[in-house]
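Reading the structure
Each chain is listed here by its residues.
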Amino acid sequence: MLNPELCAASALIHDAADPLSGFAAEFHHPRDAAGRRLVYLCGHSLGLQAKSAAEYVEQELADWRHMAVLGHHAARRPWIAYHELAAAPLAALAGAIESEVIAMNSLTVNLHLMLISFFRPDAPRNCVLIEKSAFSSDRYAIVSQLEFHGLNAAQHLIEVEPRAGARHLRTADLIDRIGREAPRLALVLLPGVQYLTGQSLELGPVIDAARRAGATVGLDLAHSIGNTLLNLHDWHADFAVWCSYKYLNAGPGAVGGCFVHERHARRFDLPRLAGWWGHDKSTRFEMGPEFRPMAGAEGWQISNPPVLSTAPLLASLDIFRRAGLNQLREKSISLTAYFHRLITGLLPGLVDIITPEAAAERGCQLSLRLALPAFEAKRCHDRLTAAGIIGDWREPDILRLAPAPLYNSYGDVYRAVEALARAVRS
Ligand SMILES: *Cc1c(COP(=O)(O)O)cnc(C)c1O
């Protein structure tokens, strides 16, 4: 059992030594009715608002107010190419080259667009492999695409799950299963960080296995982008999709993102759902009848960019650029390890951490199961919220808490564990 006073003191020491501690002040932290700052550990669901977001949005409102349609070319950040401003910083976070990434639509929409191009079932190769506890929207999207091709989930959806009694997928098991299913495998779709358990999959070797099996491979990076280090170009994934309102702090429903590997940049033979914004930009406004897609990820765009929902993304990406993803990840590893130590040290036997312990196998989130009857556990989450600690509850029994290295401190983590200890024991 750790000593609480010593833990509080160590939080202060860690925060004083943290070179990134200044970034917390660049965000608005929510407060309770009495004006006290809440401890926000819910960046895995909706990231905090950067203080600069308002300026970015106001700039576009002002340009719209003052110049209306002329803003397409004359705005401070011309709207016609607004999404291009996100490409370099997104590429840095994704481990991609600029032409491989595009800010557009939202995650599930992008997943559908990618499936139209990269899920080309052709018997006997007409199955999709996903994980059994895949995010609901991913499964809905996949099943609807199977049905769109005249296939069905019962025969064409392969769902992998951890071994009996285990919580996490093992890389070797995944690779083995992919190898065994190879002849009928058209597509493998996997998450980076699993939303429920917080497990970060070992993507490189799994992608290699899927490619060896002759399948295309797509990734859902909703919980990975801005959280873990990604290397999409070198991993050779076919495509990846993400949303920007979680660790990228771009605000509710913000514009999402998409990666298409460079080797597909000029695959104009692939079917794709077309729109004018994917058309060659040098001749787009000739409004000709023939669709000529741009090379690279931009060629999968359909509509002109949603400027107001992209503005807060640019604000946040600028903060990521200044902080540096490697430094953020380094802090994140240390912060989450500290979180893990405090929970096991201050709440021995009372909390089961279901997220893997190795840094390489997790991002910043810890998923907890409380050693209480289900009803009590949920009440415990309510007490935690009332005490000013914001995490979230996933039915039936998982409490997710994620210290984001950009705006959370070791002191936040200490306050959260102290409140959790009180909530569990009361
Ligand atoms: C948050 C999340 C989504 C969100 O999908 P939208 O289309 O942006 O609403 C999808 N997949 C996963 C794994 C998520 O965590």
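Going by the structure above, here's the rest.
Residues numbered from 1 in each chain as written. Predicted model: local features only at pLDDT ≥ 70, side-chain atom pairs only at ≥ 80, totals over all residues. Heavy atoms only, no water.

Let's talk about helix 4 (residues 84-94)
Every buried residue belonging to helix 4 is among Ala-86, Ala-87, Leu-90, Ala-91, Leu-93 and Ala-94, and all of these are buried. The arc enclosing the buried residues of helix 4, seen along the axis, measures out at 155°, which places them on a common side. Remark: Gly-95 follows helix 4 within two positions and exhibits a positive phi of approximately 65°. (Buried < 20%, exposed > 50% of the residue type's maximum accessible area, 1.4 Å probe, protein only. Helix = DSSP H or I, 4+ residues; strand = E, 2+ residues; numbered from the N terminus. Arc of directions from axis to C-beta.)

Here we look at the side chain of His-264
Inspection of the secondary structure puts His-264 in the loop between strand 10 (257-260) and helix 11 (307-323). Ignoring anything within four residues of it in the chain, the contact list for His-264 reads Phe-118, Asp-238 and Trp-300. (Contact = heavy atoms within 4.5 Å.)

Overview of helix 8 (residues 171-181)
Listing the buried residues of helix 8 in full gives Leu-174, Ile-178 and Glu-181. Axial view of helix 8: buried residues confined to an arc of 70°, hence all on one face. In helix 8, the exposed positions angled more than 90 degrees off the buried face are occupied by Ala-172 and Arg-180. Residues of helix 8 that are buried sit in contact with strand 5 (127-131), strand 6 (157-160), strand 7 (185-191) and helix 9 (203-212).

Quick word on the sheet that holds strand 6
Read from one edge of the open sheet, seven strands run 4-10-9-8-7-5-6, paired in mixed fashion. A strand with exactly one partner marks an edge of an open sheet, and here the two such strands are strand 4 (101-103) and strand 6. Put simply, the sheet's adjacent strands are angled 15° from each other on average, direction ignored. Pairing geometry for strand 4 and strand 10, over three bridges, is antiparallel. The residue bridging Ile-102 from the neighbouring strand is Cys-258, located in strand 10. In the packing of helix 4 onto the sheet, the strands contacted are strand 4 and strand 9 (239-242), and the crossing angle to strand 4 comes to about 125°. (Pairing = 2+ DSSP bridges. Axes fitted to C-alpha atoms, helices over the stretch in contact; angles between N-to-C directions.)

Digging into the packing of aromatic side chains
For the coordinates displayed, the defined rule picks out nine aromatic pairs. Considering the side-chain rings of Phe-27 and Tyr-407, the 5.2 Å spacing of their centres and the 55° angle between planes classify their relative orientation as tilted. Residue Phe-27 is found in strand 1 (residues 27-28), and its partner Tyr-407 is found in the loop between strand 15 (398-401) and helix 14 (410-425); the two are separated by 380 residues along the sequence. The same class applies to Phe-27 as to Tyr-407, namely buried. Here the aromatic rings of Trp-277 and Phe-285 are separated by 6.1 Å at their centres, their planes lie at 85°, and the arrangement is edge-to-face. Assessed through its relative accessible area of 46%, Phe-285 is described here as partly exposed. What links up through ring pairs into an aromatic cluster is the set Phe-27, Tyr-40 and Tyr-407. (Phe/Tyr/Trp six-rings, centres within 6.5 Å; stacked < 30°, edge-to-face > 60°.)

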